[in-house]
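Observations on chain architecture
What follows is each chain in one-letter form.
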Amino acid sequence: MVGGTSASMRDIPEEILGNIFALITDTRTRNCLSLVCRKWHDLERATRTSLSLRGNVRNLFLVPICFRAVTHLDLSLLSPWGQPPLHSSPSDPTLALRLAHAFPSLTSLTLYARTPETLALLAPRFPRLVHVKLVRWHQRAQSPLGSDFSSLFHSCSSLSSLDLSHFYCWTEDLPPALQAYPSTAASITCLNLLSISCSEGFKSNELLAISSACPNLAQFLATCTFDPRYMDFVGDETLVALASNCPRLRLLHLADASALSGARPDPESDGYTADDARISCAALDNVFALLPLLEELALDVCQNVRDTGRSLEALHTKCPSLRALILGRFHGVCKAVGPQLDGIALCRGLESLSVKNCADLDDYGLIAIAQGCPKLTKFHIQGCKMVTDMGFRKFASILSHSLVDVGISACKNLDGTASLLALEPIRHRIQRLHIDCVWKEQGTSSNGIIHDFDLNELDSNQPVLPPKGKKSRYTNEAGNCSRFGGSSNGGYNNQNSCRTWWRLSYLSLWVPVGGLLTPLLAAGLDSCPELEEIRIKVEGDCRRRPKPTVQAFDLAALSRYSRLLKLRLDCGDVIGYVLTAPSGHMDLSLWERFFLTGIGDLNLTELDYWPPHDRDVNQRSLSLPAAGLLAQCSTLRKLFIHGTTHEHFLTLLLNDRNSNLRDVQLREDYYPAPENDMSTEMRVDSCTRFEDALNRRNIND
């Protein structure tokens with residue numbers, strides 16, 4: 001009460017209220033605020049800086065003109081899906097002019113650029129662009145080298161960030177375009193070429209041409225060819241020259257094309273490949289010395305890089321600002337042969353570490369890393385067969401005050417149950433988790449090899465390395481750990497199965513084709529009160545598998561997570577038959593029924609779904625059973641299907657049960673997407689008709 005009157009929100013000065021609105025980033029919250037009154041509506045429109053347009057570009061009057069302060073505009077989701085937003089028609093210049101008039105403050109643009117003509121029309125209208133992300137999963141148009149980028153580089157000389165991670169093109173397209181516009185290339189500081197559509201990666205001469213044209217790069221991510229069996233592979237000379245050309249790099253991420261495929265390595269492999277990469281410790285020393293500002297480094301190689309411990313020790317002194325490190329197929333990263341820390345364990349400033357396919361990393365090395373890197377908040381391990389559950393448990397215990405993001409994949413001695421048991425010391429604080437849903441029939445812990453780790457001795461200032469080869473006092477003759485129950489489910493008995501993961505908000509799972517989600521809950525993940533998002537990746541060849549003995553993948557089991565809103569179900573690496581299934585085998589439509597049965601029991605608002613793939617015809621298509629099951633999701637607001645389908649299948653979603661559904665898209669984002677779909681598959685006219693029918697429905701909010 002002030003002077004006998006009550007104060008209200010309308011008494012707040014407009015400048016202060018505008019600052020409050022500017023701090024709100026959630027789209028739905030901003031939309032709700034704009035419905036309160038006319039003043040709030042105008043303030044919300046005047047303070048919004050990011051906008052994603054959906055709709056159909058043929059309706060020019062639907063382009064909004066009230067978002068004058070928008071600096072980032074996303075045009076990659078305009079439909080017809082997968083088609084360029086601008087076609088060769090007389091209305092194209094009109095649309096480009098209207099976009100330029102509606103968004104005068106634009107500095108960042110995300111665009112689906114299927115043809116060079118799209119950028120040729122838009123780029124001159126936005127000369128102040130600083131960040132551009134191009135999207136294309138369809139095949140490259142028949143055009144001269146560099147034509148996809150020439151209009152952009154010519155019109156936007158102040159461009160500083162270019163993201164081509166979702167842009168299907170040839171590796172030889174970019175270097176000539178950068179060389180043709182040296183002033184624009186010199187202004188680029190962030191360049192992302194880490195694309196899964198690149199089947200072989202950039203060659204050595206292409207990387208050197210790019211780095212010499214862009215000497216001011218601070219962030220550089222690229223898919224490379226490290227395999228020495230290929231001509232012009234990336235080796236010692238290339239890495240040193242790259243570091244010499246771009247000495248200001250703070251983020252360097254170089255990954256082999258096969259490392260980005262997402263395929264899970266064989267856990268039974270010894271970790272060594274037949275060939276070694278041509279990367280020596282001397283070259284690594286030179287690279288680290290040339291990049292003193294480095295904060296994030298990723299070298300994801302698919303051939304052996306041996307005895308790297310000594311070079312990694314130099315990171316501590318030569319790159320003192322290093323905070324994140326990803327190593328793929330690096331061996332000898334931490335040997336832990338004595339009481340002194342070595343290798344990567346000397347990088348005390350690391351906050352994020354990912355080790356992939358390290359053949360000789362064992363429990364002792366893992367514990368040494370925990371002792372030497374006390375600031376680790378994120379740790380992912382993949383394909384390290386010598387690491388056991390007891391070693392990882394000790395690792396987690398030492399880092400129990402910092403570690404919140406953990407990933408465990410393709411480690412022979414760390415199946416689903418063992419992984420959860422090993423994470424018990426940080427169960428109360430972990431926020432993001434990835435594990436493999438692989439369950440052993442017998443619950444022996446770590447193949448019966450259990451070391452004498454004192455879990456109460458957690459002084460991170462002194463290395464605590466267990467004596468090699470010593471058995472634990474809790475181990476019986478059969479190799480089972482009596483301290484943790486030694487039961488057939490890997491140590492979790494009924495009493496322990498209800499342990500709560502209080503802060504877990506994101507869960508990622510890998511499931512072999514034919515596997516089930518049911519054991520996940522029994523293994524200890526039955527209580528996750530804050531879990532909001534789950535990603536499930538199913539992988540395998542179902543052509544060689546018999547029909548499942550049960551009828552459902554058991555997505556309904558996830559209904560116990562009351563706050564689960566987002567699900568990403570990726571069956572894109574499930575290979576099977578479309579129309580030619582032999583007798584006794586299931587076609588992909590029946591497998592889709594298996595995967596999606598029970599999805600209607602979940603209260604999801606967003607669903608990303610990758611249908612199974614028939615690689616023989618390069619087809620990823622939603623089947624009739626899948627469409628019928630998706631139509632049972634009554635709470636969905638957004639549905640993204642990463643494939644194609646028949647028009648009458650998709651119309652099943654237009655029922656009264658799906659009254660909340662407002663955003664449905666088909667994305668043929670498997671590379672390269674088929675240029676011409678089958679005659680009965682969704683085409684531009686079919687997409688348009690479905691979208692019009694979707695927009696005609698009344699939506700509650």
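Below is a summary of the structure that appears in this document. Since this is a predicted model, take the numbers as computed values, not measurements.

1. Quick word on the environment of R545
Examined against the element boundaries, R545 turns out to sit in the loop between β16 (533-541) and β17 (566-575). For the pair formed by R545 and V513, sequence separation is 32 residues and the distance between their alpha carbons is 8.6 Å. When residues no more than four places from it in sequence are discounted, the contact partners of R545 are V513, G514, H585 and W591. A distance of 3.2 Å separates a polar atom in the side chain of R545 from the backbone oxygen of V513.

2. What about the nonpolar core?
If you look at the biggest cluster of nonpolar residues, it comprises 173 residues, and the most contacted ones within it are F220, F392, L433, L525 and I536. The greatest single-element share of this core, amounting to 6 residues, is contributed by helix α14 (residues 363-372). Not counting residues within four places of it along the chain, the set of residues in contact with L433 comprises V406, L420, L423, W501, L504, Y506, L507, S508 and L525. By size, the runner-up hydrophobic cluster in this structure holds 5 residues, among which are L17, L33, W40 and L43.

3. Focus: the environment of A368
Take A368: it is sitting in helix α14. Separated by 28 residues in sequence, A368 and Q340 place their C-alpha atoms 8.9 Å apart.

4. Side note on the packing of helix α9 (residues 204-213) against helix α10 (residues 236-245)
In contact at an axis separation of 9 Å, α9 and α10 are set at 10° when each is read in the N-to-C sense. For the element pair α9 / α10, the angle class is roughly parallel. Across from S204, L207, L208, S211 and S212 in α9, the residues of α10 making contact are T238, A241, L242 and N245.

5. Brief notes about the packing of aromatic side chains
For the structure on display, the rule yields 13 aromatic pairs. Between the aromatic rings of F379 and F392, the centroid separation amounts to 6.0 Å while the plane-to-plane angle is 45°, which identifies the pairing as tilted. Here the residue F379 occupies a position in strand β12 (residues 378-382), and F392 occupies one in helix α15 (residues 389-398), the gap between them amounting to 13 residues. Judged by relative accessible area, which is 0%, F392 ranks as buried. Relative to F395, the ring of F392 has its centre 5.4 Å away and its plane inclined at 50°; by these criteria the two rings are tilted.

6. A word on the pattern of salt bridges
Counted according to the given criterion, the structure contains 25 salt bridges. Of the charged contacts in the structure, one is a salt bridge between R229 and D227, with a shortest N-O distance of 2.7 Å. For R229, a relative accessible area of 65% gives the class exposed. Given a relative accessible area of 7%, D227 falls into the buried group. For E351, the salt bridge goes to R323, with nearest N and O atoms at 3.9 Å. With a gap of 28 residues between them, E351 in the loop between β10 (324-330) and β11 (352-356) and R323 in the loop between α13 (315-318) and β10 connect regions that are remote in the sequence. Look at R323 and you get partly exposed, because its relative accessible area is 33%. Counted as one network, the salt bridges with shared partners bring together R30, E44, R45 and R48.

7. Description of unusual backbone geometry
Here D232, not a glycine, exhibits a phi torsion of approximately 60°, which is positive. Summarising the element assignment, D232 is placed in the loop between β7 (219-224) and α10. The exposure class assigned to D232 is partly exposed, which follows from its relative accessible area of 33%. Of note, the phi angle at D554 is positive, near 75°, even though the residue is not glycine. Note on placement: D554 falls in the loop between β16 and β17.

8. A look at α10
Of all the residues in α10, the buried ones are T238, L239, L242 and A243. Along the long axis of α10, the arc covered by the buried residues comes to 125°, so they all point the same way. On the buried face of α10, the contacting elements are α9, β7, β8 (251-256) and α11 (281-290).

9. As for the state of the cysteines
Evaluated as defined, the whole model comprises 0 disulfides. With no disulfide of its own, C347 lies closest to C373 among cysteine sulfurs, the gap being 6.2 Å. When its relative accessible area of 4% is taken as the criterion, C347 is described as buried.

10. Describing the environment of D266
As for its placement among the helices and strands, D266 is situated in the loop between β8 and α11. Judged by relative accessible area, which is 52%, D266 ranks as exposed.

11. Description of the packing of α10 against α11
Following both chains from N to C, one finds α10 and α11 inclined at 10°, their axes separated by 9 Å at the closest point. It follows from the interaxial angle that α10 and α11 lie roughly parallel. Residues D236, L239, V240, A243 and S244 of α10 touch α11, and the partners they reach there are A283, N286, V287 and L290. Counted by class, the contact of α10 with α11 contains 6 nonpolar, 2 polar and 1 charged residues.

12. Observations regarding the pairing of β11
Of all 5 residues in β11, 5 are buried; the element is thus mostly enclosed. Alternating residues of β11 divide into S352, S354 and K356 and L353 and V355, and every residue in both groups is buried. Sheet topology places β10 next to β11; 5 bridges connect them, and they run parallel. Considered in β11, the bridge of L327 is made with V355. Where β11 and β12 come together, 5 bridges link them in parallel fashion. Bridge pairing links V355 to I381 in β12.

Conventions adopted
- Residues numbered from 1 in each chain as written.
- Predicted model: local features only at pLDDT ≥ 70, side-chain atom pairs only at ≥ 80, totals over all residues.
- Heavy atoms only, no water.
- Helix = DSSP H or I, 4+ residues; strand = E, 2+ residues; numbered from the N terminus.
- Contact = heavy atoms within 4.5 Å.
- Polar contact = N/O pair within 3.5 Å; in protein donor to acceptor, adjacent residues only side chain to side chain.
- Core = buried A, V, L, I, M, F, W, Y, C linked by side-chain atoms within 4.5 Å.
- Buried < 20%, exposed > 50% of the residue type's maximum accessible area, 1.4 Å probe, protein only.
- Axes fitted to C-alpha atoms, helices over the stretch in contact; angles between N-to-C directions.
- Parallel < 35°, antiparallel > 145°, perpendicular 65-115°, else oblique.
- Phe/Tyr/Trp six-rings, centres within 6.5 Å; stacked < 30°, edge-to-face > 60°.
- Salt bridge = Lys/Arg side-chain N within 4 Å of Asp/Glu carboxyl O.
- Arc of directions from axis to C-beta.
- Disulfide = S-S within 2.5 Å.
- Nonpolar A, V, L, I, M, F, W, Y, C, P; charged D, E, K, R; others polar.
- Pairing = 2+ DSSP bridges.

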